[in-house]
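Coordinate inspection notes
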Amino acid sequence: MAADVVGYSARMREDEADTINRVSSLGKLIEKTASAHNGRVFNRAGDGFLLEFSSPVAAVRCGYDMQLKLREPITRGDVGLDVRVGIHLADVVVDGNDLLGDGVNVASRIEAEAEPGMVLISNSVFEHVKRSAQLKFEKRGARQLKNITEPVTVYSVVGELGTHSCGTALMEDNSIPNVASAQQSRNSVVVLPFKNMSNDPDQEYFSDGLTEDIITELSRFPDILTISRNTSFGLKGVLIDALELGRKLGARFCLEGGVRKLGNRVRINAHLSDAESGDQLWSERADCNFEDLFDFQDELVAKIVSSVAGQIERQAEATAQRKRPKDLEAYECFIRGLSCHRIGGVTQENAELAVHWFDEALRRDPEYGRVHAWRACAVATVAEWTGEDVWPELVDCGKRAIELDETDAESHRIAGSLALYTRDFERAKFHFNRAIELNPNHAFIVGRMGEIHNFLGDGEAALEYQKRAKMLDPFLPAYCRELEAIAYYVMEDFEACCRVVDQFSRTTRRAAAYRAAAATHLNGSVTLDRAVGDLLSLDPSFDPDQFILTEFYKDRATAKRLATELNEAMSTVSSRRTG
């Protein structure tokens with residue numbers, strides 16, 4: 001990472017002593033933020049800083065967090081400097097504590113292309129972080145950098161990634177945090193993302209799709225605790241053995257494998273390990289036609305269920321529940337669409353590509369229910385980028401999905417969310433209850449069920465669902481954990497609301513808003529100042545009255561109270577600072 005101060009020379013001419021003091025304060029902030037992301041400053045020259053990190057995700061999250069801190073009102077007073085940040089991934093030469101090489105030069109050239117307050121990254125960084133940094137990006141095109149032969153495609157960081165059921169756990173390096181205490185089941189299994197064994201990296205969507213299908217099928221069994229896809233895909237590329245994985249995640253069993261697709265032939269290998277002993281329980285290898293893929297999945301799930309819980313007889317029911325596509329090319333289009341949709345919130349290009357592939361799947365099989373449901377999500381994601389009103393289209397997609405396949409959990413989850421937006425709480429509860437009945441181990445569905453109870457004013461029930469979701473997903477994303485803080489707010493336990501948000505590794509805009517509202521009930525100006533400062537750093541133009549429009553409380557008095565507290569918090573802090 002390269003970072004430097006905007007307008008440094010002009011500042012030095014105007015007030016040298018003040019500028020030096022501010023750059024010194026900036027240096028301390030950069031070093032502290034880098035350390036929190038396992039990074040370090042390896043070189044400094046005047047207003048310029050060069051840093052290295054253990055992973056691209058850590059570097060990008062650090063750059064984003066640094067810019068947020070520099071926007072905070074208190075930091076603006078202490079530092080008051082605008083910074084450009086450029087990040088690149090490349091080999092370097094180690095020279096003592098310094099790093100040298102073309103990679104360092106490219107990072108510096110990218111930084112020079114950035115606008116004030118911007119984090120600009122190279123394409124090599126983007127490809128590594130797009131699925132797991134939980135950030136939005138905007139493609140800025142190819143840039144011809146000074147003294148660099150080949151043009152470099154760059155992306156700017158736009159902001160936090162919103163709520164997404166296809167989210168991936170945020171892991172900044174190859175070390176997995178020890179979260180075993182969250183697990184309470186002996187029959188727990190984690191499915192590691194199947195490796196793409198072909199020579200074509202574009203086939204990654206297929207191995208990911210197979211992994212997701214296996215996780216979904218295993219999640220149907222209530223006697224087996226299946227670690228969520230969020231956690232599983234967060235482990236992608238992490239080198240760790242089953243013993244270590246089981247110890248840290250609290251998972252008893254670990255499924256690993258690989259897949260290679262060549263034309264209409266598919267080769268799959270898989271093995272299940274006991275994560276306590278490290279023993280391999282069984283291994284499976286299959287060469288099959290694409291048409292036989294679902295049969296292999298059913299056999300694989302049956303063997304896992306038999307090994308884990310001895311419930312093989314339930315497989316017949318699970319197989320009967322799932323409606324298979326009539327056209328396997330439609331299935332392939334569907335999983336291509338899902339692959340794009342996973343990062344649809346990351347770039348507009350991927351959001352639009354997801355809709356394209358879902359449309360292509362429906363062209364081949366108009367009665368493929370799951371596709372209609374996921375298309376609703378994809379269209380909504382595109383609308384987040386474009387601002388279009390797509391509500392009638394979303395309603396039609398959700399309704400059609402349930403009509404075609406009443407047994408798909410995700411379709412019910414999506415229909416429930418649509419009902420919630422229209423304040424039809426009973427219908428929302430019906431669809432979410434049905435989704436949990438069909439897939440009791442889906443952490444995202446379980447967590448979002450808590451949101452409905454929050455809006456109904458039942459914080460205690462919401463906390464129970466959050467407790468279950470955290471057990472299913474040791475790396476439950478912050479946008480799910482925010483529901484826990486909101487539950488305490490609903491219960492009027494304002495101290496607990498603030499405490500939960502303080503524990504987040506990263507604070508979402510919504511969580512920051514509820515913490516600011518809760519802080520108006522607590523003694524001490526420091527808590528309120530910090531809460532409002534964090535909120536405004538995430539959204540400098542935050543509008544309480546606009547915010548509550550999407551807080552769908554059944555009791556309108558709760559939403560009105562929330563808006564009043566937010567306005568009070570912001571005006572109190574503002575008057576104190578100006579006074």
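Residues numbered from 1 in each chain as written. Predicted model: local features only at pLDDT ≥ 70, side-chain atom pairs only at ≥ 80, totals over all residues. Heavy atoms only, no water.

1. A look at the overall build of the chain
Let me state the cut-off plainly: Here a helix means four or more residues in a row that DSSP labels H or I, a strand means two or more in a row labelled E, and each is numbered from the N terminus. Atoms counted for the radius of gyration: C-alpha only. Globule rule: 2.2 Å times residue count to the power 0.38. Burial classes: relative accessible area under 20% of the type maximum marks a residue as buried, over 50% as exposed, and values in between as partly exposed (1.4 Å probe, protein chains only). Here, residues are in contact when the closest pair of their heavy atoms is within 4.5 Å. Counted as positive: Lys and Arg. Counted as negative: Asp and Glu. His and the chain ends are not counted at all. Throughout, a charge is located at the NZ atom of Lys, the CZ atom of Arg, the CG atom of Asp or the CD atom of Glu.
Across its full length, the chain carries 25 helices and 15 strands. Taken over the C-alpha trace, the chain has a radius of gyration of 25 Å; the compact-globule value for 579 residues is 25 Å, and the two agree within 12%. Counting only C-alpha atoms and orienting by the principal axes, one finds that the chain spans roughly 75 × 60 × 50 Å. Counting the 579 residues in the chain, one finds 57% classified as buried. In the chain, of all internal contacts separated by at least 6 residues, the share reaching a separation of at least 24 is 67%. Here the chain holds 69 positive side-chain charges and 90 negative ones, and the gap between their average locations is 1 Å.

2. Things to note about the sheet that holds strand β3 (residues 48-53)
The condition that has to hold: Being paired, for any two strands, means DSSP has found at least two bridges between them. Think of each axis as a best-fit line through the C-alpha atoms, taken over the contacting stretch in the case of a helix, with angles from 0 to 180 degrees between the N-to-C directions.
Here we have 7 strands laid out as an open sheet, ordered β2-β3-β1-β4-β7-β9-β8, and mixed in their pairing. Of all strands in the sheet, those bounded by a partner on one side alone are β2 (39-45) and β8 (135-143). Taking the axes of each pair of neighbouring strands and ignoring which way they run, one obtains an average angle of 25° across the sheet. Direction of pairing for β2 relative to β3: antiparallel, over a ladder of 6 bridges. Following the sheet pairing, Asn43 is matched in β3 by Leu50.

3. Considering the environment of Val6
Looking at the secondary structure, you find Val6 in the loop between β1 (2-5) and α1 (8-14). Separated by 537 residues in the primary sequence, Val6 and Asp543 have C-alpha atoms spaced 29 Å apart. Residue contacts for Val6: discarding those within four places in its chain leaves Asp82, Val83, Arg84 and Pro116.

4. Notes on the packing of aromatic side chains
Heads up, the condition is: The aromatic pairing rule takes the rings of Phe, Tyr and Trp, using the six-membered ring of Trp, and pairs them if the centres are within 6.5 Å, calling planes under 30 degrees apart stacked, those over 60 edge-to-face and the rest tilted.
Inspection of every chain in the model, using the stated rule, returns 16 aromatic pairs. Taken together, a centroid distance of 5.8 Å and an interplanar angle of 55° make the contact between Phe206 and Phe290 tilted. Residue Phe206 is located in helix α7 (residues 204-219), and its partner Phe290 is located in the loop between β15 (280-289) and α10 (293-308); the two are separated by 84 residues in the primary sequence. We classify Phe206 as buried; its relative accessible area is 3%. On the numbers, 6.4 Å between centres and 45° between planes, the contact of Phe290 with Tyr331 is tilted.

5. Let's talk about helix α23 (residues 525-538)
Note that an α-helix has 3.6 residues per turn; residues three or four places apart therefore point the same way. The line we're drawing: Multiplying 1.5 Å by the helix residue count minus one yields the expected span of that helix.
Look at α23: 20 Å from first C-alpha to last across 14 residues, which is about the 20 Å you get at 1.5 Å a residue. Here α23 lies mainly inside the structure; 10 of its 14 residues are buried. Listed as buried for α23 are Leu528, Asp529, Ala531, Val532, Gly533, Asp534, Leu535, Leu536, Ser537 and Leu538.

6. Some details on helix α2 (residues 16-36)
Taking 1.5 Å per residue, 21 residues should reach 30 Å; α2 reaches 30 Å between its end C-alpha atoms and fits that length. Looking at α2, one finds that the buried residues are Thr19, Arg22, Val23, Leu26, Gly27, Leu29, Ile30, Thr33 and Ala34. Immediately downstream of α2, the backbone of Asn38 shows phi near 60°, a positive value.

7. A word on the pairing of β1
Where a strand is regular, its side chains alternate between the two sheet faces. Alternating residues of β1 divide into Ala2 and Asp4 and Ala3 and Val5, and every residue in both groups is buried. As judged from the 4 bridges shared by β1 and strand β4 (residues 83-87), these two strands associate in the antiparallel manner. Paired with Ala2 across the two strands is Gly86, which belongs to β4.

8. Remarks on the side chain of Asp365
Position of Asp365 among the secondary structure elements: in the loop between α13 (348-364) and α14 (369-386). Exposure remark for Asp365: the relative accessible area of 4% places this residue in the buried category. Apart from residues lying up to four places away in sequence, Asp365 is in contact with Pro325, Lys326, Asp327 and Ala330.

9. Digging into the environment of Val259
Within the secondary structure, Val259 is located in strand β13 (residues 253-262). A C-alpha to C-alpha distance of 9.9 Å links Val259 and Arg285, two positions 26 residues apart in sequence. Look past the residues within four positions of Val259 in its chain and what remains in contact with it is Lys195, Asn196, Met197, Ser198, Phe206, Ser207, Leu210, Val266, Arg267 and Ile268.

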